[in-house]
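As a plain string of letters, each chain reads:
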Amino acid sequence: MQDVSDGNAPAIARTLVRGVDWPAIPGPRASLLLAMQFQFTQSQWWQPEVLRQQQVRQAANLLAHAVRSVPFYGEHFRTSGYDDADGVSPESWAQVPLLQREHIQHFGDALRSRQLPPDHGRVFDYATSGSTGSPIRFSKTEIAELFWRAFTLRDHLWHQRDLGGKLAVIRTTVNEAEGAGWGPATNEVFDTGSCATLNIRTDIAAQAEWLRKQNPDYLLSHPSNILALAKRCLETGIRVPHLRQVRTFGETLMPGLREACLEAWGATLTDVYSAEEVGYIALQCPAHEHYHVQAESLLVEVLDGAGRPCSSGEIGRVVLTTLHNFAMPLIRYQIGDYAEVGDPCPCGRGLPVLRRIMGRQRNMLTLPDGRQHWPSFPAEGWLPIAPVRQFQLVQRDLASIEARFVADRPVTADEKQQLAAMLHEYLRYPFRIDFVQLDEIERKPNSKFEDFISEVSR
Ligand SMILES: [Zn+2]
């Protein structure tokens, strides 16, 4: 646990025993999360070779499980000529074949384990379109969820947040509400302040007004939404005096965003790099603006065009292995993002450094009356209607949207009608939708993927 400076109340765990407040005697779930923090506070300082050794040891367990119980991998390894007879070592790891996003789209069910060890808990099913507009379905165990919670807590502790403060959240999965507690990861261990939520499809002017009223200590949302909100507050003179830190996720940080948060609210910004199907990939260093890979749960490789590891300063494809999700092991999974490898961090942590991440970039949607909001059109909307493998929306003008997509077969008129109805609902306006089926949707030259392009508001 870190020392708490800058006047915040110290983070003291919740106690289970009445009358014993400090040091707390935490309950079983809190003890589990704190036991993981204890290990993280050791492993974050390990040398990269030590980390890598433990990762490969864990990856060998995962591989053995995958070959034994996941139909896809037996076949995948055989057809790519990979021989797993000798097990894996740091040297032989590069021979393990890559998993593409298209593999998950085509062989989804064959990627699920037929023999999950019972102590990995329940399995949860989700869908995501990730940072490249390519929808997939995936499954996670309770153990994978436990890592998600543990890293949420690590992020709070790294950035020394005042857990008694008020949190405001603007994202897709919530509606306008106010309640106690920051969420399960934090509440299980600490007494936290209140949390106010607002759906991200709320127009920016209304969001700014809500933010002024809430006056939170912390604000969590997507980067492009934060930028629009900061601009709105600056233009209209809306002040949010309590706001001290903005937290962002789910998109590439655009240049000038940190400065805009300082100018609008006097708030710093911390970013995380995460993806629903793999969890937290990297958290911002407590002392710098770059990111530390969460090496305790993910083996992250950044590979050049020839499949070799990139050196510091080079940009390559992000390849991930989820070390603990035995329900649907993702082994050397090419997620579709690019990243720049950084130098070892002066903070002394041995967790690998990513200097920049080139993932999703998104513009704001503009309604005909001029109101703007962050466009949400998730995988759950597309997948039940048509076999769409990738999509990208372009707002051509105030009344029409071009919906570009890649699909395994021609999409029927009836399916297009259903897709249009789905988009009307998600985008909150009956735009004219022009469908364009393509063989491939290109990335921008800077390696970012734009899943919503606006020719109106950029
Ligand atoms: Zn660092």
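Here is a short report on the structure shown in this document. Going along each chain's sequence as written, the residues are numbered from 1 onward. Only residues with pLDDT of 70 or above have their local features reported here, since the model is predicted, and side-chain atom pairs are shown and tallied only from 80 upward, although totals for entire chains, interfaces and linings are computed over all residues. Heavy atoms from the whole structure form the basis of all side-chain values; hydrogens and water molecules are not counted.

## Looking at the coordination of the zinc ion
Bound to the zinc ion on the protein side are Cys 285 (SG), His 292 (NE2), Cys 345 (SG) and Cys 347 (SG), at distances that span 2.1 to 2.3 Å. The donor definition counts N, O and S atoms within 2.8 Å of each metal and applies 3.2 Å to Na, K and Ca; water is not among these atoms, so some sites may look incomplete. Just to be clear on the cut-offs, tetrahedral is four donors with all angles between 85 and 135 degrees, square planar is four donors and octahedral six with opposite donors over 155 degrees apart and all others between 65 and 115, and anything else goes down as irregular. Because the angles between the four donor atoms bound to the zinc ion fall within 97 to 116°, the donor set is best described as tetrahedral. Sequence positions of the residues that donate to the zinc ion give the spacing C-x6-H-x52-C-x1-C. With Cys 285 in the loop between β10 (279–284) and β11 (291–293) and Cys 347 in the loop between β14 (333–341) and β15 (353–358), the pair connects residues that are 62 residues apart, well separated along the chain. With a relative accessible area of 1%, Cys 285 lands in the buried category. Segments assigned H or I by DSSP are reported as helices when at least four residues long, segments assigned E as strands when at least two residues long, and all are numbered from the N terminus. Exposure is judged per residue with a 1.4 Å probe applied to protein chains only, and the accessible area is read against the type maximum: over 50% gives exposed, under 20% gives buried, and values in between give partly exposed.

## With respect to unusual backbone geometry
When glycine is set aside, most residues are seen to have a negative phi, and most peptide bonds are trans. At the junction of Trp 22 and Pro 23, the peptide bond is cis and its omega measures out at -15° in the coordinates. Locating Pro 23 in the fold gives a position in the segment before α1 (28–43). Phi at Arg 332 is positive, roughly 50°, even though this residue is not glycine. Take Arg 332: it is sitting in the loop between β13 (315–322) and β14. Phi is positive for Arg 428, close to 65°, though the residue is something other than glycine.

## What to know about the sheet that holds strand β16 (residues 360–362)
Strands sit in the order β16-β22-β19-β20-β21 across an open sheet of five strands; the sheet is mixed. Among the strands making up the open sheet, the edge pair consists of β16 and β21 (432–437). Averaged over all neighbouring strand pairs, the angle between strand axes comes to 20°, with direction disregarded. Both strand β20 (residues 400–407) and β21 contribute to a ladder of six bridges, which runs parallel. Across the sheet, Ser 400 pairs through a bridge with Arg 432, a residue of β21. Contacts between helix α11 (residues 413–427) and the sheet are confined to β19 (388–395), β20 and β21, with β21 contributing the most and set at about 125° to the helix. We treat two strands as partners when DSSP finds at least two bridges between them. Lines are fitted to the C-alpha atoms to define the axes, a helix being fitted only along its stretch in contact, and any angle between axes, read from their N-to-C directions, falls within 0 to 180 degrees. By definition, residues are in contact when any of their heavy atoms lie within 4.5 Å.

## A look at the side chain of Lys 166
Within the element layout of this structure, Lys 166 appears in the loop between α5 (142–158) and β4 (167–171). His is not counted, nor are the chain ends, whereas Lys and Arg count as positive and Asp and Glu as negative. Throughout this description, the term salt bridge denotes a Lys or Arg side-chain nitrogen within 4 Å of a carboxyl oxygen of Asp or Glu. No salt bridge is formed by the buried Lys 166; the nearest opposite charge belongs to Glu 178, separated by 4.1 Å. At a separation of 2.6 Å, a polar atom in the side chain of Lys 166 contacts the side chain of Gln 214. Two N or O atoms form a polar contact when they lie within 3.5 Å of each other; inside protein one atom must be a possible hydrogen donor and the other a possible acceptor, and for residues adjacent in sequence the pair counts only when both atoms belong to side chains.

## Structural notes on empty space enclosed by the protein
A cavity here means a set of points on a 1 Å grid, drawn over the protein atoms and nothing else, where a 1.4 Å probe fits but cannot get out; a pocket is an open set with protein on both sides within 12 Å along at least five of seven lines, and a residue lines either one if it has an atom within 4 Å of a point. Grid points are joined across faces, edges and corners, and a volume is the space filled by probe spheres set on the points. Under the criterion given, the structure shown has one cavity of 30 Å³ or more. Here the largest cavity is characterised by a volume of approximately 140 Å³. Around the largest cavity, the lining is made up of 15 residues, and of these Ala 144, Phe 147, Val 278, Gly 279 and Ser 297 lie nearest the centre. Of all elements in the fold, only α5 and β10 reach the threshold of two or more residues within the lining of the largest cavity. Think of it as three bins: nonpolar holds Ala, Val, Leu, Ile, Met, Phe, Trp, Tyr, Cys and Pro, charged holds Asp, Glu, Lys and Arg, and polar takes everything else, Gly as well. Residues that form the lining of the largest cavity fall into these classes: eight nonpolar, five polar and two charged.

## Things to note about helix α9 (residues 257–265)
Buried residues of α9: Leu 257, Arg 258, Ala 260, Cys 261, Ala 264 and Trp 265, and no others. The buried residues of α9 occupy an angular sector of 160° when projected down its axis, which confines them to one face. Among the exposed residues of α9, those pointing more than 90 degrees away from its buried face are Glu 259 and Glu 263. Each element contacted by the buried residues of α9 is listed here: α7 (204–214), β7 (218–221), α8 (223–236), β8 (245–248), β9 (268–275) and β10. One or two positions beyond α9, positive phi appears at Gly 266, with a value near 65°. What the arc measures is the spread of directions leading from the helix axis to the C-beta atoms.

## Side note on the layout of surface pockets
Size it by volume and the second largest pocket reaches roughly 720 Å³. Forming the walls of the second largest pocket are 36 residues, and the residues nearest its centre are Pro 48, Arg 52, Val 300, Val 341 and Pro 352. For the lining of the second largest pocket, the secondary-structure elements that each account for two or more residues are α2 (48–69), β12 (298–303) and β15. For the lining of the second largest pocket, the leading source of residues is β12, giving six residues. Looking at the lining of the second largest pocket residue by residue, the class counts come to 22 nonpolar, eight polar and six charged.

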